[in-house]
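A structural walkthrough
Letter by letter, the chains look like this.
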Amino acid sequence: AQAHEVFDLRPDEYDGNPQTLAIRVPRHEAYRLDGMVSKALKDGSENYGAYFRIRCRDGTLRWTHTQAYIRRDETGRPRRIIGIVRDATDELAESEERREQAAEHEARRQQTSVVQLTTAALAHARTVQDVIDVLKDTHGLTHLGATSLVMGLVEAGRIRLVAEGPSGSFVPGTLVTRIDEQYPMSEVVRTLSPRFIESPEEFAESYPILWPHITDLHITSAAYMPLIAQARPIGAIGLLYNDRRGFTSDERNVLVALGSSIAQSLQRAMFYEQEKDLASGLQQAML
């Protein structure tokens, strides 16, 4: 009965199959849990524990904790997992109060954690759309404080916009832009260097073509990173903020590391899609 309550399921909605619980676990959280359990099974661990979120019936997210014991046979092979789940809302609320007492340190830890969690989720992304879905998840990059995200891919000397958020923030005329145009994503692709914009005044002065179209977003600073794989730019990503000015050296390092993880995931996804298209083409030709 307690587990039904934790997962916000009625008794008649659970058929005894653990896979049924997947309806309550967001996809990126499921990827992270699967990876953690697989690692514990392979490295000989006897137990594991993790915090994760579930999506309740009303659409809200709730923190949950699982702790499990791995039973193995005499050869060390895992045979069964016995575990518990519990609501961790109050526990993490208390932790939040403690974090507020050490805000600066915790902010840095959270940023690093977001990069780690995002990287773990990206590791399971097979297609470019999977990568975009991970980045646009509202409980992913927004923990870094960003209010808007844009991402573009380099194609034949141009940058094609593949992700923008939140809804309604699309700037007309930016779906496809030239690399030599005066846009921040174009600049970081040309220079292969990140661009940190620390004030609205700097944004307006540096990018007069773009700025008038985004004034309604009340942007106060922004960070644009080139997405580089095998020493060549494959795209760019931008995080825009409306509640801060400037970036510390630690924050810049975190964002650059994030850009590197995204670039590697994008390249893997592109290779996968190319191989899939090739295999499909070969199969069609044979038929």
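Residues numbered from 1 in each chain as written. Predicted model: local features only at pLDDT ≥ 70, side-chain atom pairs only at ≥ 80, totals over all residues. Heavy atoms only, no water.

Turning to the overall build of the chain, a few remarks are in order. Helix and strand counts for the chain stand at 9 helices and 9 strands. Buried residues in the chain amount to 41% of all 287 residues. For the chain, the share of sequence-separated contacts (at least 6 apart) that also reach a separation of at least 24 residues comes to 53%. Of the roughly 16300 Å² of accessible surface on the chain, a fraction of 51% belongs to carbon and sulfur atoms. (Helix = DSSP H or I, 4+ residues; strand = E, 2+ residues; numbered from the N terminus. Buried < 20%, exposed > 50% of the residue type's maximum accessible area, 1.4 Å probe, protein only. Contact = heavy atoms within 4.5 Å. Areas by Shrake-Rupley, 256 points an atom, 1.4 Å probe, with all protein chains shown as cover.)

Let us now look at the packing of aromatic side chains. As enumerated under the stated definition, the model contains 4 aromatic pairs in all. Taking the centre distance of 5.2 Å and the plane angle of 40 degrees together, the rings of Phe203 and Trp211 count as tilted. With a relative accessible area of 1%, Phe203 lands in the buried category. Grouped by ring-pair contacts, the aromatic residues Phe196, Tyr241 and Phe247 constitute a single cluster. Over the aromatic face of Tyr241 sits the side chain of Arg244, whose NZ or CZ is 4.9 Å from the ring centroid. (Phe/Tyr/Trp six-rings, centres within 6.5 Å; stacked < 30°, edge-to-face > 60°. Lys NZ or Arg CZ within 6 Å of the ring centre and 35° of its normal.)

The next thing to look at is the side chain of Thr66. If you trace the backbone, Thr66 turns up in strand S2 (residues 61-72). Looking at Thr66, the relative accessible area reads 12%, which means it is buried. Discounting chain neighbours no more than four positions away, the residues touching Thr66 are Tyr48, Gly49, Ala50, Phe52, Ile84 and Val85.

Here Leu117 lies in helix H4 (residues 103-122). Leu117 sits in the partly exposed class, given a relative accessible area of 36%. Once the C-alpha coordinates of Leu117 and Glu29 are considered, the two residues, 88 residues apart in sequence, prove to be 8.9 Å apart.

Next up on the list: the sheet that holds strand S3 (residues 78-87). Pairing within the open sheet is antiparallel, and its 3 strands lie in the order S1-S2-S3. The outermost strands of the open sheet, each flanked by one partner alone, are strand S1 (47-55) and S3. On average, each strand axis in the sheet is tilted by 30 degrees relative to the strand beside it, whichever way the strands run. Pairing of S1 with S2 involves 9 bridges; the strand directions are antiparallel. Each bridged residue has a counterpart across the sheet, and for Tyr51 the counterpart in S2 is His65. Contacts between helix H2 (residues 27-42) and the sheet are confined to S1, S2 and S3, with S1 contributing the most and set at about 170 degrees to the helix. (Pairing = 2+ DSSP bridges. Axes fitted to C-alpha atoms, helices over the stretch in contact; angles between N-to-C directions.)

It is worth spelling out unusual backbone geometry at this point. A positive phi angle is found at His218, which is not glycine, with a value near 55 degrees. Structurally, His218 can be placed in the loop between helix H8 (211-214) and strand S8 (221-229). Its identity is not glycine, yet Gln230 carries a phi of approximately 55 degrees, on the positive side. Following the sequence through the fold, Gln230 ends up in the loop between S8 and strand S9 (232-241).

Evaluated as defined, the whole model comprises 15 salt bridges. Ionic pairing is found between Asp43 and Lys39, a salt bridge with its closest N-O pair at 3.4 Å. Here Asp43 falls in the partly exposed class, since its relative accessible area comes to 42%. Looking at Lys39, the relative accessible area reads 55%, which means it is exposed. Close ionic contact of Glu202 with Arg195 constitutes a salt bridge, the shortest N to O distance being 2.8 Å. Here Arg195 falls in the buried class, since its relative accessible area comes to 16%. One salt-bridge network, held together by shared partners, links Arg10, Asp12, Glu13 and Arg57. (Salt bridge = Lys/Arg side-chain N within 4 Å of Asp/Glu carboxyl O.)

Met151, Leu227, Ile237, Leu255, Ile262 and Leu266 are the most contacted members of the largest nonpolar core, which has 32 residues in total. Of all elements in the fold, only H4, helix H5 (128-136), strand S4 (148-155), S8, S9 and helix H9 (249-286) reach the threshold of two or more residues within this core. When residues of this core are assigned to their parent elements, the largest contribution, 8 residues, is made by H9. By size, the runner-up hydrophobic cluster in this structure holds 19 residues, among which are Val150, Tyr207, Trp211 and Leu240. (Core = buried A, V, L, I, M, F, W, Y, C linked by side-chain atoms within 4.5 Å.)

Sheet topology note: the S2/S3 ladder contains 9 bridges and is antiparallel. Bridge pairing in S3 places Tyr69 opposite Ile82. With antiparallel pairing between neighbouring strands as the criterion, S2 and S3 make up a hairpin whose turn holds 5 residues, including Gly76 at a positive phi of roughly 95 degrees.

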